[in-house]
Amino acid sequence: MPSRSLRRACADVTCRVTFTAATPDQRYCPSHQVARDQAEDLARRARRPRASYAEEQRRRATVEAHVVIYGWWCPGWGTDHQPHASLDLTAHHVEAFGRTGSEGGPLAVLCRSYNSTLGDR
Ligand SMILES: [Zn+2]
Ligand SMILES: [Zn+2]
């Protein structure tokens with residue numbers, strides 16, 4: 001496809017810059033895209049409640065117990081995520097995925113990368 005098909009105007013209403021999109025999804029000029037990515041990253045971090053030290057310890061113990069029994073193995077999640085070997089396991093709340101910020105609920109072990117996609121929902 002000719003690259004000029006990705007030529008478009010920035011979606012920011014205050015910005016009339018025309019740019020060549022790196023991907024078909026890019027709606028903002030490069031400088032506005034960077035600003036938006038940073039803002040989204042900050043918002044995502046602010047939404048995710050920080051666990052207390054006791055909760056961190058409990059999650060770590062849950063992962064350690066899982067590794068003793070199953071080894072470094074992500075058990076997967078429903079039909080979305082198939083089980084696979086992973087050295088980056090993390091414990092997450094079975095309910096609410098941290099949305100409520102309440103601690104002490106039942107924990108399940110997942111790889112960190114899939115756990116983070118659940119947290120963003
Ligand atoms: Zn712009
Ligand atoms: Zn996984």
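With that settled, consider the overall build of the protein. A tally of regular secondary structure across the protein gives three helices and six strands. Counting helices and strands in the order they occur from the N terminus, the protein gives β-β-α-α-β-β-β-β-α. Here the protein, with 121 residues, has 11% of them falling under the buried criterion. Summarising the internal contacts of the protein: among those between residues at least 6 apart in sequence, 31% fall at separations of at least 24.

Turning our attention to helix α2 (residues 53–70). Helix length check: α2, at 18 residues, gives a terminal C-alpha distance of 26 Å against a target of 26 Å (1.5 Å per residue), a fit within 8%. A positive phi of about 80° marks G71, the residue just after α2.

Of all the five residues making up strand β5 (residues 89–93), five are buried; the element is thus mostly covered by neighbouring parts of the structure. Bridge analysis of β5 against strand β6 (residues 107–111) gives five bridges, and the strand direction is antiparallel. If you follow H93 over to β6, its bridge partner there is L107.

When a protein is soluble and globular, its nonpolar side chains tend to lie buried together. Counting six residues, the largest nonpolar core consists of C74, L89, A91, V109, L110 and C111. Sorting elements by how many residues they give to this core places β6 first, with three residues. Among residues more than four places away in sequence, those in contact with L89 are V63, H66, V67, W72, C74, V109 and C111.

Here the focus is the environment of R112. Along the chain, R112 turns up in helix α3 (residues 112–119). Judged by C-beta crowding, with 13 C-beta atoms within 10 Å, R112 ranks as partly exposed. Linking R112 and S86, residues 26 residues apart in sequence, is a C-alpha distance of 8.9 Å. The contacts of R112, once residues within four sequence positions are left out, are D88 and T90.

In this section: the confidence of the model for the protein. A low pLDDT score tells you not to read the predicted coordinates there in detail. Looking at the protein as a whole, the pLDDT averages 85, with 87% of positions reaching at least 70. At the low end of the mean pLDDT range in the protein sits α3, at 85; at the high end sits strand β4 (residues 84–85), at 97.

With that settled, the discussion passes to the environment of A11. With respect to the helices and strands, the residue A11 is situated in the loop between β1 (7–9) and β2 (18–20). Classification of A11 by C-beta neighbours within 10 Å gives partly exposed; the count is 13. As for A11 and C29, which are separated by 18 residues in sequence, their C-alpha atoms are 7.8 Å apart. For A11, the residues in contact, after removing those within four places along its chain, are R27 and Y28.

Rules used in this analysis
- Residues numbered from 1 in each chain as written.
- Chains lettered and ligands numbered in written order.
- Predicted model: local features only at pLDDT ≥ 70, side-chain atom pairs only at ≥ 80, totals over all residues.
- Helix = DSSP H or I, 4+ residues; strand = E, 2+ residues; numbered from the N terminus.
- Buried ≥ 20, exposed ≤ 12 C-beta atoms within 10 Å, placed from the backbone.
- Contact = placed C-beta atoms within 7 Å.
- Expected span 1.5 Å × (residues − 1).
- Pairing = 2+ DSSP bridges.
- Core = buried A, V, L, I, M, F, W, Y, C linked by C-beta atoms within 7 Å.
- pLDDT = per-residue confidence, 0-100.

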